[in-house]
Amino acid sequence: MTTRKRYWLMKSEPNDFSIDDLERVGTEPWTGVRNYQARNFMRDSMQVGDGVLFYHSNTEVPGIYGIAEVAGAPHPDPTQFKKKSKYFDAKASHEEPRWFLIDVGFVRKLERPIPLEEIRSHADRLGEDFALIRKGSRLSVLPVTAAQWKYLLALE
DNA sequence: GCCAACGTTGGC
DNA sequence: GCCAACGTTGGC
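Parameters and conventions
Residues numbered from 1 in each chain as written. Chains lettered and ligands numbered in written order. Predicted model: local features only at pLDDT ≥ 70, side-chain atom pairs only at ≥ 80, totals over all residues. Heavy atoms only, no water. Helix = DSSP H or I, 4+ residues; strand = E, 2+ residues; numbered from the N terminus. Buried < 20%, exposed > 50% of the residue type's maximum accessible area, 1.4 Å probe, protein only. Lys, Arg positive; Asp, Glu negative; His and termini not counted. Salt bridge = Lys/Arg side-chain N within 4 Å of Asp/Glu carboxyl O. Contact = heavy atoms within 4.5 Å. UniProt positions renumbered as here; feature names shortened; annotations may be inferred. Near = heavy atom within 4 Å. Polar contact = N/O pair within 3.5 Å; in protein donor to acceptor, adjacent residues only side chain to side chain. Nonpolar A, V, L, I, M, F, W, Y, C, P; charged D, E, K, R; others polar.

The name an unreviewed UniProt entry gives chain A is EVE domain-containing protein, with Luteimonas salinilitoris as the organism.

If you want it as structure tokens, here you go:
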């Protein structure tokens, strides 16, 4: 059974992994998410072909910098098993993995980044429940409605 | 670098 | 199950 295309926003610190890095490598396994809500979105709700807004956090001008897509089915995050990784999780096992990820594929960079500040100024149109601008929300993987997707990209 | 907000851990 | 302590996120 197929389900209609969904939309997401995924945050990354550009010092760590930027939209330019994604353009270079083409596809990247989204390792290192250690938040259950974000994991659940990747494990349970994301489907190949879903749209992804690529967001730069912890940077001079935080905002949406590009478009990506879900490029692979969910599978266990290999870094949880690697003792030397900073994402190692002693409570995870191959039999019972705790962390799952999807692969993210490059689509395009935005002609013009959409700064968080500008996104905030459209809060009334985007809705109070939009997790990106909801007070206190720090989710690094979050759902975007089709209407929000369209509205945000119209700002480009 | 600061710090508010939030999530997780662990003692009890 | 409560909640204090701690760690992390991420804007500023």
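Draft legend 1. The arrangement of the side chain of Asp-103 in detail. With respect to the secondary-structure elements, Asp-103 resides in strand β7 (residues 103-115). Within the buried core, Asp-103 has no salt-bridge partner, and the shortest N-O distance to an opposite charge, that of Lys-82, equals 12 Å. Not counting the four nearest positions on each side in its chain, Asp-103 is found in contact with Thr-27, Glu-28, Pro-29, Glu-69, Val-70, Ala-71, Gly-72 and His-75.

Draft legend 2. Quick peek at the UniProt feature "domain: EVE" (unreviewed entry) in chain A. When the UniProt feature table is mapped to this numbering, "domain: EVE" (unreviewed entry) covers residues 6-154. Secondary structure within residues 6-154 divides into 24% helix and 30% strand; the distance between the first and last C-alpha atoms comes to 18 Å.

Draft legend 3. Structural view of the protein's contact with DNA strand C. Around DNA strand C sit Lys-11, Tyr-55, Ser-57, Asn-58, Pro-62, Leu-116, Arg-120, Arg-138 and Leu-139, and those are all the residues in its vicinity. The sugar and phosphate moieties of DNA strand C supply 63% of its atoms located within 4 Å of the protein. For DNA strand C, a phosphate oxygen lies 3.2 Å from a polar atom in the side chain of Lys-11. Contact distances for DNA strand C include 2.6 Å between a phosphate oxygen and a backbone N or O atom of Arg-138. A class-by-class count of the residues in the surface near DNA strand C yields four nonpolar, two polar and three charged.

Draft legend 4. Local environment of the protein's contact with DNA strand B. The environment of DNA strand B is made up of Tyr-36, Lys-135, Gly-136 and Arg-138. What you see for DNA strand B is that sugar and phosphate hold 72% of its atoms within 4 Å of the protein. Within the contact set of DNA strand B, a phosphate oxygen lies 2.8 Å away from a side-chain nitrogen or oxygen of Lys-135. In this structure, a base oxygen belonging to DNA strand B sits 2.8 Å away from a side-chain N or O atom of Arg-138. Of the residues that constitute the surface near DNA strand B, the class distribution is one nonpolar, one polar and two charged.

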